[in-house]
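Architecture and fold: a report
Residues per chain are reported as follows:
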Amino acid sequence: MINTKNQFKYLILPIGWYILFRALFPYINMNYTIYFSLIYFTGLAVYFLSIGSVSLKSLVDEWKRGRSFWLPVVFNIVGEIAAFGVGIGLSTLLPNVDDGFKVYKTTGWASVIAFALTTTLLAPIAEEAFFRKGIINFNSRRIRLLNKNYYQ
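Residues numbered from 1 in each chain as written. Predicted model: local features only at pLDDT ≥ 70, side-chain atom pairs only at ≥ 80, totals over all residues. Heavy atoms only, no water.

1. Side note on the overall build of the chain
Along the backbone of the chain there are six helices and zero strands. Taken over 152 residues, the chain has a buried fraction of 25%. Looking at the chain as shown, the accessible area adds up to about 10,400 Å², and 67% of this sits on carbon and sulfur atoms. (Helix = DSSP H or I, 4+ residues; strand = E, 2+ residues; numbered from the N terminus. Buried < 20%, exposed > 50% of the residue type's maximum accessible area, 1.4 Å probe, protein only. Areas by Shrake-Rupley, 256 points an atom, 1.4 Å probe, with all protein chains shown as cover.)

2. Remarks on the packing of aromatic side chains
A complete count under the given rule lists eight aromatic pairs for this structure. Here Trp-17 and Tyr-40 contribute two aromatic rings whose centre-to-centre distance is 6.3 Å and whose plane-to-plane angle is 10°, an arrangement assigned as stacked. Of this pair, Trp-17 sits in helix H1 (residues 12-24) while Tyr-40 sits in helix H2 (residues 33-50), placing them 23 residues apart in sequence. Given the relative accessible area of 8%, Tyr-40 is considered buried. Look at Phe-25 and Phe-36: their rings are 6.2 Å apart centre to centre, the planes differ by 45°, and that puts the pair in the tilted class. (Phe/Tyr/Trp six-rings, centres within 6.5 Å; stacked < 30°, edge-to-face > 60°.)

3. Some remarks on the nonpolar core
By size, the foremost hydrophobic cluster in this structure holds 18 residues, and its most contacted members are Phe-21, Tyr-40, Phe-41, Leu-44, Phe-48, Val-54 and Ile-125. Only H2 and helix H5 (109-135) provide two or more residues apiece to this core. No other element matches H2, which puts seven residues into this core. In contact with Val-54, not counting residues within four places along its chain, are Phe-48, Leu-49, Ile-125 and Ala-129. Grouped together as the second largest cluster of nonpolar side chains are five residues, Ile-34, Phe-84, Val-112 and Ala-114 included. (Core = buried A, V, L, I, M, F, W, Y, C linked by side-chain atoms within 4.5 Å. Contact = heavy atoms within 4.5 Å.)

4. Some remarks on the environment of Val-54
Topologically, Val-54 is positioned in the loop between H2 and helix H3 (56-63). The exposure class of Val-54 is buried, given its relative accessible area of 16%. Between the C-alpha atom of Val-54 and that of Ile-125, which follows or precedes it by 71 residues, the distance is 7.7 Å.

5. With respect to a nonpolar patch on the surface
There is a patch of nonpolar side chains on the surface, built from Trp-17, Leu-20, Leu-24, Tyr-27 and Ile-39 and spanning about 530 Å² of accessible area. Broken down by element, the residue count for the nonpolar patch peaks at three residues, all from H1. Accessibility expressed as a relative area gives 43% for Leu-20, which makes it partly exposed. (Patch = residues over 30% accessible without salt bridge, like charges linked within 9 Å, V, L, I, M, F, W, Y side chains within 5 Å. Salt bridge = Lys/Arg side-chain N within 4 Å of Asp/Glu carboxyl O.)

Written as structure tokens, this is what we have:
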């Protein structure tokens, strides 16, 4: 668990990682941006797991809860894969139509799976750890009050 005195020290690496990600992103071929994002969010998730900001035991306990946890996850993954399947099919049928995907280009099932992993597993872990454990420190009354007043 990150304590208040060390809170900002632990955010230096994720912020640096983000700056590097944003600096390199324009130079990545559009066919590989989803894999680049997968690497980015994997790095953040591993970092937050390694410093104890995210409890792997709690995560595994949630995964073991059964249907109450996995049913929404399965519906989300199936929905994303179905949506991208429809998108890939429409892009194939109508190659000159702008599909709105300027950032991520899906080139096949591997990229769809990478996108699903990134958006359903890795990004939520990294974002929750960064915001809930890094920015909003529930152990600090002063920071809680500042965040409460700022976000209202």
